[in-house]
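Residue strings, one per chain:
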Amino acid sequence: MHRSVSNETPKRGDKANNERLEFLGDSILGAVCATLLYQSYKEKSEGDMAKIKAVVVSEDILSGIALSLHIDEMLLLGKGEELSGGRTKKTILADAMEAVIGALYLDSGYKAVFNFVSGCILPEINKVTGENYHKDYKSLLQEYCQQKLRCYPQYIMVKRIGPEHDRTFWMEVRIGDTVYGTGTGRNKKSAEQEAARETWSIIEEENV
């Protein structure tokens, strides 16, 4: 398969961009991942498998796989996107990965694409289900909100105290108009992660 991965906006007479391939690849990726989880984890509930799937098909994971396959080197970018570092943007890389999956399916069929995706995704599934896996609750929460609620969680700084060299931040998570978890930390990032962890716990309880 020899296809360039384009992120250009299509113009009259130009080749189409990858949006249709991304749509196809996203669906195939989801089906392969769901099949692997169903076959490998017979003891896990639908909810548990959905949470694992949300992580392994996330933007963070897909962009990392794309880099490992050197897909960044094959991107066709507009000048503005090139200058702004488009080759390292997670969104572009994840979308390109989905487009590659879609293209492989059209070129070689489901068996070939299943084997390819399995090789990429199984190691990520093993990491997520391993005992030493450190959960990124912000990523988990964002994926959940995007897929289930069609929105993004908002992180609001409630207050901060202390001198600049020893500050404590209070952050809260809002989903729509509802305030969920809160968290504290020495910096905004750690406070957001703690707030996301608490919010994720609340959502898990609600979905039991």
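Please refer to the structure placed before this passage.
Residues numbered from 1 in each chain as written. Predicted model: local features only at pLDDT ≥ 70, side-chain atom pairs only at ≥ 80, totals over all residues. Heavy atoms only, no water.

Participant: Residue-level account of unusual backbone geometry, with values.
Facilitator: The backbone of His70 sits at a positive phi, close to 60°, despite the residue not being glycine. Mapped onto the elements, His70 comes out in the loop between helix H3 (59-68) and strand S2 (75-76). Overall, His70 belongs to the partly exposed group, its relative accessible area being 45%. The backbone of Arg150 sits at a positive phi, close to 55°, despite the residue not being glycine. Tracing the chain through its elements places Arg150 in the loop between helix H7 (137-149) and strand S3 (154-161). (Helix = DSSP H or I, 4+ residues; strand = E, 2+ residues; numbered from the N terminus. Buried < 20%, exposed > 50% of the residue type's maximum accessible area, 1.4 Å probe, protein only.)

Participant: So what's going on with the packing of H3 against helix H5 (residues 90-108)? Which residues, and what values?
Facilitator: Think of two packed helices as two axes; the pair is described by the angle between the axes and how far apart they sit. It is at 8 Å that the axes of H3 and H5 come closest, and there the two elements cross at 75°. When the axes of H3 and H5 are compared, the pair comes out roughly perpendicular. The segment H3 lies against H5, with Glu59, Asp60, Leu62, Ser63, Ile65, Ala66 and Leu67 engaging Lys90, Thr91, Leu93, Ala94, Met97 and Glu98. (Axes fitted to C-alpha atoms, helices over the stretch in contact; angles between N-to-C directions. Parallel < 35°, antiparallel > 145°, perpendicular 65-115°, else oblique. Contact = heavy atoms within 4.5 Å.)

Participant: Tell me about the packing of aromatic side chains, residues and numbers included.
Facilitator: Aromatic ring pairs: the centre-centre distance and the angle between the two ring planes describe each pair. Evaluated as defined, the whole model comprises two aromatic pairs. Relative to Phe114, the ring of Tyr110 has its centre 5.9 Å away and its plane inclined at 45°; by these criteria the two rings are tilted. On the criterion of helical spacing, the pair formed by Tyr110 and Phe114 is a turn pair, its members being four residues apart in helix H6 (residues 110-129). Look at Tyr110 and you get partly exposed, because its relative accessible area is 36%. Residue classification places Phe114 among the buried positions, given a relative accessible area of 19%. Between Tyr144 and Trp200, the aromatic rings sit 6.0 Å apart at their centres with planes inclined by 90°, giving edge-to-face as the arrangement. Of the two residues, Tyr144 is situated in helix H7 and Trp200 in helix H8 (residues 188-206); the sequence distance between them amounts to 56 residues. Here Tyr144 falls in the buried class, since its relative accessible area comes to 18%. When the ring centre of Tyr155 is taken as reference, the NZ or CZ atom of Lys138 above it lies at 4.8 Å. The residue whose ring lies beneath Lys159 is Trp170, and the NZ or CZ to ring-centre distance is 4.5 Å. (Phe/Tyr/Trp six-rings, centres within 6.5 Å; stacked < 30°, edge-to-face > 60°. Lys NZ or Arg CZ within 6 Å of the ring centre and 35° of its normal.)

Participant: Report on the pairing of S3, specifying residues and quantitative values.
Facilitator: With seven bridges joining them, S3 and strand S4 (residues 168-175) adopt antiparallel strand pairing. Directly across from Arg160, in S4, lies its bridge partner Phe169. Turn length for the S3-S4 hairpin, with the two strands adjacent in sequence and antiparallel, is six residues, and the turn residue Gly162 shows positive phi of about 95°. (Pairing = 2+ DSSP bridges.)

Participant: Provide a residue-level description of the nonpolar core, including the pertinent values.
Facilitator: Val56, Met97, Ile121, Ile125 and Leu141 are the most contacted members of the largest nonpolar core, which totals 45 residues. Contributing elements (two or more residues each) for this core: helix H1 (19-40), helix H2 (46-56), H3, H5, H6, H7, S4 and H8. With eight residues, the single largest contributor to this core is H5. Excluding anything up to four places from it in sequence, Met97 contacts Leu62, Ile65, Ala66, Leu69, Ile71, Phe116 and Cys120. (Core = buried A, V, L, I, M, F, W, Y, C linked by side-chain atoms within 4.5 Å.)

Participant: Describe the sheet that holds S3, with residues and values.
Facilitator: If you trace the three strands from one edge of the open sheet to the other, you get S3-S4-S5, paired in antiparallel fashion. The strands lining the two open edges of the sheet, one partner per strand, are S3 and strand S5 (178-185). Going from strand to strand, the sheet's axes swing by 20° on average, the running direction of each strand aside. Of the strand pairs in this sheet, S4 and S5 are connected by six bridges, and their pairing is antiparallel. Looking at S5, one finds that Ile175 is bridged to Thr178. Strands in contact with H7 are S3 and S4; relative to S4, the strand with the most contacts, it is inclined by about 20°.

Participant: Got a sec to walk through the side chain of Ser58? Specific residues and values, please.
Facilitator: With respect to the helices, strands and loops of the structure, Ser58 is situated in the loop between H2 and H3. One polar contact links the side chain of Ser58 to the main-chain carbonyl oxygen of Val55, over a distance of 2.7 Å. (Polar contact = N/O pair within 3.5 Å; in protein donor to acceptor, adjacent residues only side chain to side chain.)

Without other data, these values stay purely geometric and don't point to any function.
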